[in-house]
2 protein chains.
Amino acid sequence: MTTLVFGHKSPDTDSTGSPIIWAWFLNDVVGVPAKPVLLGEPNTEALFMLDHWKLDKPEIIEDVADDQPVVIVDTNNPAELPANINGADITAIIDHHKLVGGLETKGPIHMVIEPLACTATIMWKLIGKDMAKMPDAVKGAMLTCILSDTLEFRSPTTTQEDKAVAWSLAEQLGINISDYAAAMFAAKSDVSSFSEAELLRMDSKEFEVDGKQLRVSVLETTSPAAVLDRKDALMAAMPGVATEDGADQVLLFVVDILNEEATMLVPNELTKTIAEKSFGAAVSGDTVVLPGIMSRKKQIIPNLKV
Amino acid sequence: MTTLVFGHKSPDTDSTGSPIIWAWFLNDVVGVPAKPVLLGEPNTEALFMLDHWKLDKPEIIEDVADDQPVVIVDTNNPAELPANINGADITAIIDHHKLVGGLETKGPIHMVIEPLACTATIMWKLIGKDMAKMPDAVKGAMLTCILSDTLEFRSPTTTQEDKAVAWSLAEQLGINISDYAAAMFAAKSDVSSFSEAELLRMDSKEFEVDGKQLRVSVLETTSPAAVLDRKDALMAAMPGVATEDGADQVLLFVVDILNEEATMLVPNELTKTIAEKSFGAAVSGDTVVLPGIMSRKKQIIPNLKV
């Protein structure tokens, strides 16, 4: 039976590219039939990657059947995975997030979590000398994943290993990293076709903080003005999204990749309190700029207080 | 703060030796202060290993403090770990069991699970070329762990990697594997000093099967007669142990290492049904021999039916 390889719901570049990388490795190196799939529509940066490297857009699946062999990449959180994930035959997990608990496997599996910025960097290490066999298009996906997750090495999650792999791949592919990353970020920043509710859910994870269920949304962009021009409509859409998704509040952080700062929307007293308690921010008005804040994983979540 | 490295409660050889191996690696190679500890009294084979290689018996701890840095080896099951494990700062997990769920980490950590017979074999891979720096006593612990978990390569969990590492270590240490394993198994088989309740809990894990809570106990021995001579007392002790530990039934499998078979005790109708349904055994009397059954992980648990 063909192994399905997928990342999390609301696929970003790493959750779109890493399944492609690992399915190639399973098919062409290990000799296990495998297919990359998606759990939702990829974001505009992921679509740019597929288009640039002429990779097929993976099929989008709704759920997994009992005993379906699967490899999970870029998450270990059941909430971000198909409803029947624990009914599937999970054969491997490759991730770079904290262990959440809740996934169960039928037997001992291959599982690797490493504190690197990008799943693709872990795969580079696991693939080892077989990297020599990797087609350029798959190497291109790997490079795109790393530049995306590190925000071209600006994110504090970036490690020396992520950088070294990206530099090596760029050299092999004849890619100028600055130019290529600029094109990636321009694609990610083109959010004109999305509704406010779609933007609030595009790169979003739920966390419980001090008894409150928070949907913590991030939009990484080189054109923050294009998002912030819509701030009134975004704030107006927050209560509806929160209610539909069973959250108490949506938080939106607009990350300015080039200026290395985030603007948080402050529609009400709760978000004002969160901004003040979590980031020591002095809030006046309905937005607040948080200098240096780039990473949900490393800077936003660990500091959140309600 | 010194990192504590430990395996599961009721430490066997792998759960005693692997913390020693990894604490050495952290201290002497990585440069992180670390200390191996135990969550209970080690079994007689583990004590043999410590004595043979002149290794200090690690301190036994009761629980871990909040934010205590810890590395967990040879399990990922919170039920087999200190009560406050999720309050600790788990910095790494190295294991070869199925993912159970329930552990949570504060951030992305180093986590490796591989389907090998022995945690120490995974460590050998992770340590890589730094194996050259490992003292003989620690290499001896590594060899002992592998021979113990593979029952000298007889267990169906044994992989080529486990064998290759053990052979290489034995050669470096000038150890004759047959002689050394025989001494190990003799130590493990000397259970004369233990009460029946202690024997039932010595190498035991709880599993829920078809709504029943089963304490599945294994005694690996080269002298099955020494255990089976005490079968009446063992069966008499089962209800008390089950009640104290919140289980519906204790199952005891006496694994004859040399003859590669297990004898299951059959004190009542429930255990008779389990023996018949799970292993297709024809039961008459209060014991049943299960040819070829050596591994709880690979042969007993996956087949258990009530």
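Residues numbered from 1 in each chain as written. Chains lettered and ligands numbered in written order. Predicted model: local features only at pLDDT ≥ 70, side-chain atom pairs only at ≥ 80, totals over all residues. Heavy atoms only, no water.

Draft legend 1. Spotlight on the overall build of chain A. The secondary structure content of chain A amounts to eleven helices and eleven strands. A compact globule built from 306 residues should have a C-alpha radius of gyration of about 19 Å, and chain A, at 19 Å, falls within 12% of that. Considering only C-alpha atoms, chain A reaches an extent of 60 × 45 × 35 Å along its principal axes. Across the 306 residues in chain A, those meeting the buried criterion constitute 58%. A fraction of 62% describes how many contacts in chain A between residues 6 or more apart in sequence connect residues 24 or more apart. (Helix = DSSP H or I, 4+ residues; strand = E, 2+ residues; numbered from the N terminus. Rg over C-alpha atoms; globule rule 2.2 N^0.38 Å. Buried < 20%, exposed > 50% of the residue type's maximum accessible area, 1.4 Å probe, protein only. Contact = heavy atoms within 4.5 Å.)

Draft legend 2. The pattern of salt bridges, seen in detail. Evaluated as defined, the whole model comprises 36 salt bridges over all chains. The partner of Glu59(B) in a salt bridge is Lys35(B), and the shortest N-O contact between them spans 2.6 Å. One end of the pair, Glu59(B), is in strand 3 (residues 59-60); the other, Lys35(B), is in strand 2 (residues 34-38), and 24 residues separate them in sequence. By sharing partners, the salt bridges in this structure join Arg201(A), Glu206(A), Arg215(A), Glu244(A) and Asp245(A) into a single network. (Salt bridge = Lys/Arg side-chain N within 4 Å of Asp/Glu carboxyl O.)

Draft legend 3. Representation of the interface of chain A and chain B in the model. With 22 residues of chain A at the interface, the matching set in chain B holds 22 residues. Taken over both partners, the interface formed by chain A and chain B buries close to 1700 Å², and the fraction arising from carbon and sulfur atoms is 63%. Of all residues in chain A, Leu99(A), Pro108(A) and Met111(A) give up the largest surface area on contact with chain B, accounting jointly for 35% of the area buried on that side. For the interface between chain A and chain B, the tally reads zero salt bridges. Taken together, the connections running from chain A to chain B amount to four residue pairs in polar contact (both at pLDDT 80 or more). (Buried area = accessible area lost by both parts, 1.4 Å probe. Polar contact = N/O pair within 3.5 Å; in protein donor to acceptor, adjacent residues only side chain to side chain.)

Draft legend 4. Looking closely at the environment of Ser155(B). Residue and element names in this part refer to chain B. Structurally, Ser 155 can be placed in the loop between helix 4 (136-149) and helix 5 (160-173). For Ser 155, a relative accessible area of 6% corresponds to the buried category. Through-space distance from the C-alpha of Ser 155 to that of Thr 144 is 15 Å; in sequence the pair is eleven residues apart. When sequence neighbours within four positions are dropped, the list of residues in contact with Ser 155 reads Asp 149, Thr 150, Met 294 and Ser 295. Separated by 2.8 Å, the side chains of Ser 155 and Thr 157 make a polar contact.

Draft legend 5. How the structure looks around the nonpolar core. All names here are of chain A. Counting residues in hydrophobic clusters, the biggest one holds 73 residues, and the most contacted among them are Trp 22, Ile 127, Met 142, Val 216, Phe 253, Met 264 and Leu 304. Both domains that meet at this core, namely domain 1 (3-186) and domain 2 (196-303), each give it at least three residues. Setting aside residues up to four positions removed in sequence, Val 216 forms contacts with Asp 203, Ser 204, Lys 205, Phe 207, Leu 251, Phe 253, Arg 296, Ile 300, Ile 301 and Leu 304. (Core = buried A, V, L, I, M, F, W, Y, C linked by side-chain atoms within 4.5 Å. Domains from an automatic or database assignment.)

Draft legend 6. Expanded view of the sheet that holds strand 10 (residues 261-265) of chain A. Residue and element names in this part refer to chain A. Ordered by their spatial adjacency, five strands build an open sheet running 7-8-9-10-11, and the pairing between neighbours is mixed. Either end of the sheet is taken by a strand with one partner, and the two such strands are strand 7 (204-209) and strand 11 (287-291). The sheet shows a mean angle of 25 degrees between the axes of neighbouring strands, taken without regard to direction. Alignment of strand 7 against strand 8 (residues 212-221), held across six bridges, turns out to be antiparallel. Counted as the bridge partner of Phe 207 is Leu 214 from strand 8. Against the sheet, helix 10 (residues 269-279) makes contact with strand 8, strand 9 (249-256), strand 10 and strand 11, and its axis sits at roughly 55 degrees relative to strand 9, the strand it touches most. (Pairing = 2+ DSSP bridges. Axes fitted to C-alpha atoms, helices over the stretch in contact; angles between N-to-C directions.)

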